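Below are the chains, spelled out letter by letter.
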Amino acid sequence: MALVLTEEQTMLRDMAKQFFTEQVPVTNLRKLRDEESADGYDKAVWQQIVELGFAGILIPEEQGGTGFGPIGLGIVMQEAGRTLAATPLYSTAILGAGLILAAGSDGQKAELLPQIAGGELLTALALEETAHHNPKQVAMTAAQDGDQIILSGQKNFVIDGHIADKLIVVARTSGAAGDANGLSMFLVDAKAKGVTVTRTHMVDSRNAAMVSFDKVSIPAHDALGPLGAAMAELESVLDLGRACIAAEMLGGIEAVFDTTLAYLKERKQFGVIIGTFQALKHRAAEMFCEVELCQSVVLDALSALDERRNDVPRAVSLAKARLGDAARLISNEGVQMHGGIGMTDAVDMGLYLKRARVQSQLLGDTNFHRSRYAELGGY
Amino acid sequence: MTDLDTFRAETRAWLEENCPESMRTPMPERETPWGGRNADFPNPDTKIWLDRMASRGWTAPEWPAEYGGGGLSKDEARILQQEMSRINARTPLASFGLWMLGPALLEFASEEQKKKYLGEIVRGEIRWCQGYSEPGAGSDLAGLQTKAEDKGDHYLVNGQKVWTSYADQCDWIFCLVRTDSSVKHDGISFLLIDMNTPGVEARPIKLISGASPFCETFLTDVVVPKENLVGELNKGWTIAKRLLEHERTMISAMGMGGGGAASMGGMEAMAKENFGEDGDKIANPAIREAVTNHKMDHQAFALTLKRAADEAKAGQGMGAAASMFKYYGTELNKRRFELLLDVMGTQALGWEGEGFDARELSITRSWLRSKGNSIEGGTSEVQLNVIAKRVLGLPDA
Ligand SMILES: Cc1cc2nc3c(=O)[nH]c(=O)nc-3n(C[C@H](O)[C@H](O)[C@H](O)COP(=O)(O)OP(=O)(O)OC[C@H]3O[C@@H](n4cnc5c(N)ncnc54)[C@H](O)[C@@H]3O)c2cc1C
Ligand SMILES: Cc1cc2nc3c(=O)[nH]c(=O)nc-3n(C[C@H](O)[C@H](O)[C@H](O)COP(=O)(O)OP(=O)(O)OC[C@H]3O[C@@H](n4cnc5c(N)ncnc54)[C@H](O)[C@@H]3O)c2cc1C
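Calculation criteria
Residues numbered from 1 in each chain as written. Chains lettered and ligands numbered in written order. Predicted model: local features only at pLDDT ≥ 70, side-chain atom pairs only at ≥ 80, totals over all residues. Heavy atoms only, no water. Domains from an automatic or database assignment. Contact = heavy atoms within 4.5 Å. Buried area = accessible area lost by both parts, 1.4 Å probe. Salt bridge = Lys/Arg side-chain N within 4 Å of Asp/Glu carboxyl O. Polar contact = N/O pair within 3.5 Å; in protein donor to acceptor, adjacent residues only side chain to side chain. Helix = DSSP H or I, 4+ residues; strand = E, 2+ residues; numbered from the N terminus. Nonpolar A, V, L, I, M, F, W, Y, C, P; charged D, E, K, R; others polar. Near = heavy atom within 4 Å. 1 Å grid on protein atoms, 1.4 Å probe; cavity = no way out; pocket = protein on both sides within 12 Å on 5 of 7 lines; lining within 4 Å. Points joined across faces, edges and corners; volume = space filled by probe spheres on them.

## Looking at the domain arrangement of chain B
All names here are of chain B.
Logical step 1: The assigned domain composition of chain B is domain 1 (3-122), domain 2 (128-234) and domain 3 (257-391).
Logical step 2: Each of domain 1 and domain 2 has a C-alpha centre, and these two points are 28 Å apart.
Logical step 3: Residue-level contacts link 15 residues of domain 1 with 18 residues of domain 2.
Logical step 4: Between domain 1 and domain 2 the total buried area reaches about 1,400 Å² when both faces are included, carbon and sulfur atoms providing 60% of it.

What follows is the structure, given as structure tokens:
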């Protein structure tokens, strides 16, 4: 497929751009942060997102969604990234809907997908256990006990953990940390006995939590997909998540780049605008090249997912690794090129910088994806 | 025994006796001994240690004894430093007065000024801040507009400074002011202003790291006695630049990383903790290479600092060393923190509260603060311009 948006996708982009710029500007995140919002997201904004059909963007129309697919999701995330919009899109519309679609039974799909599309259900993926993304390293256990499953262990960096109604928990029914086999997924009510959710406050002022499971007993039919064989479905949805985060990062670096470029044309020193200085000019031009490459890899990753191409993992790792590097470069330059004012909380550069590092860690940083890219390429 | 051996023995004995135990432990940020009228000492030993060191002039070891300094030779000062390091003694006083203003006063101030101000600095009685940058004059520092008008027996100062570190906690400010508007560099003077004077107001600005160490400083009809002018009228730029060299040398020391949570030694241990070990190696090859590269850069930088110190002692000067060290040291420091983020993963991304220990949280905040290192004291771009112009002789556009 050609690497351009269709007419329909272009319309979606324009709509998303207008929505996030007008309804969810960066001041929205500042407000949540400064008022120490207990939810960490704006419920009225989420309601609007639901009404626009973004919450069900991945979900087929029969199940209450809009069925725009991965490219549509990526487009929305890119626009959300531009204004640092703090919403449950990632946890619920992408990972939650994605995992239920990929691994859920017909019954689970029929019950849960309409709730997601309708904004009645928030989910969170409880996957990570260490400071670095590594699905194979999951150690948390799920023991079978008659027709019950007993979950024990500790998860961290659970995005939207403290607002989720349902947790999607990745745990081991067999094997040991490091094995790709033996992983299973479970739908767990966030209020179930033995589940303790502790919100953590991260540098990007967005939602994350630690969740501990103390002999949590759930019925075996709440497994999401077959026991012991979750890896394939999980990875395919993680790839969707990675591509969407890359799209969100792209929106972020575009915003930083645009703002910085405008500043280079406005700020005067030595009687001239600072954009006169070649030392800055060339770096701005370099960033422009970087943003262009980022746009290509993100669109290709989303297209690969859309078309179910067999090189999805490589295309996604290419995007996530590149965006990690580019976001680091551009967020640093954003601060540096603003000079002293870039170090202040009053301008947005710092907010983008902080968000960029968290995005970079989400579902694998540059090192993780570079190494995965090489492995998939057989070198 | 040579004189220096005797000096070492006596110094060791004195430090052993006089440095309180708690002053031999790593210093938490809030115990930084800034001194000044409003100084608070969460740890009372900090005050005892400061007073004891100041009584010998050892807060400013090489300043002449007549102004309150230690009057030590370079060799003696180095021995004092070594003996302090030996017992991990904290610095007794952290101050812009010591690092920046004092050396400039020694070179340019009148006898009365030296007598008055240097002693106060040595004893940590007055805390100074730096009033250079203005909203319209950052990299183009000489474009500053804060005006000091000659009113016969005093100057009347009007204008605004910005990014003034710690202004809201300081007692005095050393300011660059315009005393002649018809010329640029030759119309700048160097003025000392008591922050208690009516018309001086400092408003804190919040940084991306969450702290508010710097301020906007407003100067409105501030009356400043004429005797507070340092050096000649309209010759302030020379003093300003010399002072900036001292500032840069101080900032570039950050490249060495100091002690504390983010110190160099911990890097490989943390990498092994996070990525596992393969024999003695950090198991992740990419992280291993990044850590190694960083450590080698760090070592090369340390050697260059040492070479500059040795050459200075031998009476040779390394040209524009201050700009080079400022540039390299601060960029290195920023890279170190980015690498720490890679090594520590999500544990380096906490802001506050549960889930992160104190060391991790301090690394996050220091990572954010490090972004200012290549801006304060002249940006990296300005340092490179200075090197290109003054050392390499490359002409302006
Ligand atoms: C943490 C911190 C503490 C500070 N503390 C103090 C203090 O105590 N007292 C004080 O007086 N000041 C202080 N400063 C101010 C600091 O010295 C200035 O921020 C700095 O000199 C840059 O000026 P500016 O902010 O106006 O940026 P600008 O000069 O506007 O620079 C914006 C961008 O343009 C670039 N640029 C400008 N000119 C050129 C050129 N000719 N060629 C290439 N690039 C160029 C800069 O490098 C920068 O990237 C502090 C700053 C920080 C960040
Ligand atoms: C905190 C701080 C510390 C500093 N410390 C020192 C120091 O110790 N020693 C020192 O020599 N300087 C120092 N500087 C730099 C100093 O302010 C000047 O930038 C530098 O000395 C050049 O002198 P100038 O003011 O005459 O600037 P200018 O000569 O007018 O120009 C300064 C820079 O801007 C560029 N420039 C100016 N006009 C134009 C134009 N029209 N088109 C393209 N480029 C242009 C020049 O290439 C040059 O690199 C410091 C600056 C700051 C902010």
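## Some thoughts on the interface of chain A and chain B
Logical step 1: Every contact between the two is made by 36 residues of chain A and, on the other side, 44 residues of chain B.
Logical step 2: Across the chain A to chain B interface the summed buried area is about 3,300 Å²; carbon plus sulfur atoms make up 61%.
Logical step 3: Counting the surface chain A buries against chain B, the share from its top three residues, His132(A), Gln336(A) and Met343(A), is 21%.
Logical step 4: Taken together, the links from chain A to chain B amount to 4 salt bridges.
Logical step 5: Across the salt bridge formed by Asp342(B) and Arg328(A), the nearest N and O atoms sit 2.7 Å from each other.
Logical step 6: Connecting chain A to chain B are 21 residue pairs in polar contact (both at pLDDT 80 or more).
Logical step 7: With 6 residues, the top contributor of residues to the side of chain A that touches chain B is helix α10 (residues 349-361) of chain A.
Logical step 8: When grouped by side-chain class, the residues that make up the side of chain A that touches chain B number 12 nonpolar, 16 polar and 8 charged.

## Overview of the site of ligand 1
Logical step 1: Taken together, 27 residues sit near ligand 1, with Arg267(A), Ser133(B), Ser139(B), Trp163(B) and Thr379(B) positioned nearest.
Logical step 2: Neighbouring residues of ligand 1 are not confined to one chain but are distributed across chains A and B.
Logical step 3: Within the backbone of Tyr132(B), one N or O atom sits 2.9 Å away from an oxygen atom of ligand 1.
Logical step 4: Thr379(B) is positioned such that a nitrogen or oxygen atom in its side chain is 2.7 Å from an oxygen atom of ligand 1.

## Let's talk about the side chain of Arg30(A)
All names here are of chain A.
Logical step 1: Relative to the assigned elements, Arg30 resides in helix α2 (residues 26-34).
Logical step 2: There is a polar contact of 2.8 Å between the side chain of Arg30 and the backbone oxygen of Asp345.
Logical step 3: Ignoring sequence-local partners within four residues, the contact set of Arg30 consists of Asp345, Ala346, Val347, Asp348 and Leu351.

## Considerations on empty space enclosed by the protein
Residue and element names in this part refer to chain A.
Logical step 1: This structure, assessed with the given rule, holds 6 cavities of 30 Å³ or more.
Logical step 2: In this model, the largest cavity occupies a volume close to 180 Å³.
Logical step 3: Thr87, Ile159, Asp160, Arg206 and Arg355 are, among the 19 residues lining the largest cavity, the residues nearest its centre.
Logical step 4: Listing elements by their share of the lining of the largest cavity, those giving two or more residues are α5 (89-103), β7 (207-219) and α10.
Logical step 5: Class assignment for the residues of the lining of the largest cavity results in 11 nonpolar, 3 polar and 5 charged.

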